[in-house]
Amino acid sequence: MKSTMHFFYILFSIFVGCSTSPLTRYPDFLEHKSKFTSTVILSDVIVISASLGDSNIVDLVDNQKIAKTSLQLFAGRMNEKGYNVDRVFLSSIGLLLNKDINYRIIRTPEEQLFESSQLEIASPPLYLHELFSQDTIRRQLLKLVYSSLLNYEKVKGDNNIKIPAATYLSQSLGGGMLGIIFVSGYSVGASKQYGQHMLPFKTTEEKITIQPISQFSMIFYLIDSSNGEVIWDDRIVIKGGLMQNEKLQKMVERLCEKLP
């Protein structure tokens, strides 16, 4: 449990929101955008639920709902701004998680009522869309693009990075500007958060890595698929509560309102 919570401490440290506008950091964005008449969006989602024991639980039913809602909201808001999002895919659940850490998996609504000890144990990735599970090359391209983006945030004045694999990935999906959404979170219910005595901690890292705290992040990238150039990145992090539709909508709105 502690190793996973430490992973999320690192994750959320990286994902703290940008202090500058994405358009300030990407002044050539509109030039890139003008090349495209359509957009495809891919998403990787991983929201882990804390249990009263030491198990990390991934509810695939809830994760898929989060992904579906996020993709629909992004497509709707972006289409209002003329991006013509005509394809959206939940590519994966937990594609970039450490394969050496196992998780208890909820696959059906009925299993949501099970005790954690009754759940199947699996290692990441915990879900792959058939477009990637049935095509080894496309799956490798996806992982390469995601891995290249995971820790990336452009600083004003830096050159845009290029991910050549993104060009081939977009082409394999029918072309168009490529959007990537990462949704990550650690969800702690009230019974877990308040059901045990917590000692005081000296540092922020101690608090995050030991004390159960719900946290969620959403990161959004746009890529010029003609050359693999990353032309936009933005992110948002929120703490506390559960991942509900209202919270998702607020996060998407915050990210989409900055798009020109």
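Presented here is an overview of the structure given in this document. For clarity, every value in this text was computed on a predicted model and none was experimentally measured. (Residues numbered from 1 in each chain as written. Predicted model: local features only at pLDDT ≥ 70, side-chain atom pairs only at ≥ 80, totals over all residues. Heavy atoms only, no water.)

Description of the pattern of salt bridges
Considering all chains together, one arrives at ten salt bridges under this definition. One salt bridge in this structure joins Arg77 and Glu253, with 3.1 Å as the shortest N-O distance. Of this pair, Arg77 sits in helix α4 (residues 60-80) while Glu253 sits in helix α10 (residues 245-256); the two residues are 176 residues apart in sequence, bridging distant segments of the chain. Overall, Glu253 belongs to the partly exposed group, its relative accessible area being 30%. Across the pair Glu120 and Arg107 runs a salt bridge whose closest N-O atoms are separated by 2.8 Å. Taken as a pair, Glu120 in strand β5 (residues 120-122) and Arg107 in the loop between β4 (103-106) and β5 lie far apart in primary sequence, 13 residues in all. On the accessibility criterion, Glu120 (41% relative accessible area) is partly exposed. Since its relative accessible area comes to 39%, Arg107 is described here as partly exposed. What you see here is one network of salt bridges that share partners, running through Arg25, Glu153, Asp233 and Arg235. (Salt bridge = Lys/Arg side-chain N within 4 Å of Asp/Glu carboxyl O. Helix = DSSP H or I, 4+ residues; strand = E, 2+ residues; numbered from the N terminus. Buried < 20%, exposed > 50% of the residue type's maximum accessible area, 1.4 Å probe, protein only.)

Examining unusual backbone geometry
A cis amide bond links Pro124 with the next residue in sequence, Pro125, at an omega value of -5 degrees. In this structure, Asn84 takes a positive phi of about 50 degrees despite not being glycine. Note on Asn84: relative accessible area 38%, which makes it partly exposed.

Quick word on helix α6 (residues 136-149)
For α6, with 14 residues, the first-to-last C-alpha span of 20 Å sits near the 20 Å given by 1.5 Å per residue. Backbone nitrogen of Ile137 and a side-chain oxygen of the N-cap are separated by 3.2 Å at the start of α6; the cap is Asp135. (Expected span 1.5 Å × (residues − 1). Polar contact = N/O pair within 3.5 Å; in protein donor to acceptor, adjacent residues only side chain to side chain.)

Here we look at the packing of aromatic side chains
Enumeration according to the criterion identifies four aromatic pairs in this entry. Consider the rings of Tyr146 and Phe182, whose centres lie 5.0 Å apart with planes at 90 degrees: the pair is edge-to-face. Separated by 36 residues along the polypeptide, Tyr146 in helix α6 and Phe182 in strand β7 (residues 177-187) bring together distant segments of the chain. We note that Tyr146, like Phe182, is buried. For the pair Phe182 and Tyr221, a centre-to-centre distance of 6.1 Å together with 70 degrees between the ring planes defines the contact as edge-to-face. (Phe/Tyr/Trp six-rings, centres within 6.5 Å; stacked < 30°, edge-to-face > 60°.)

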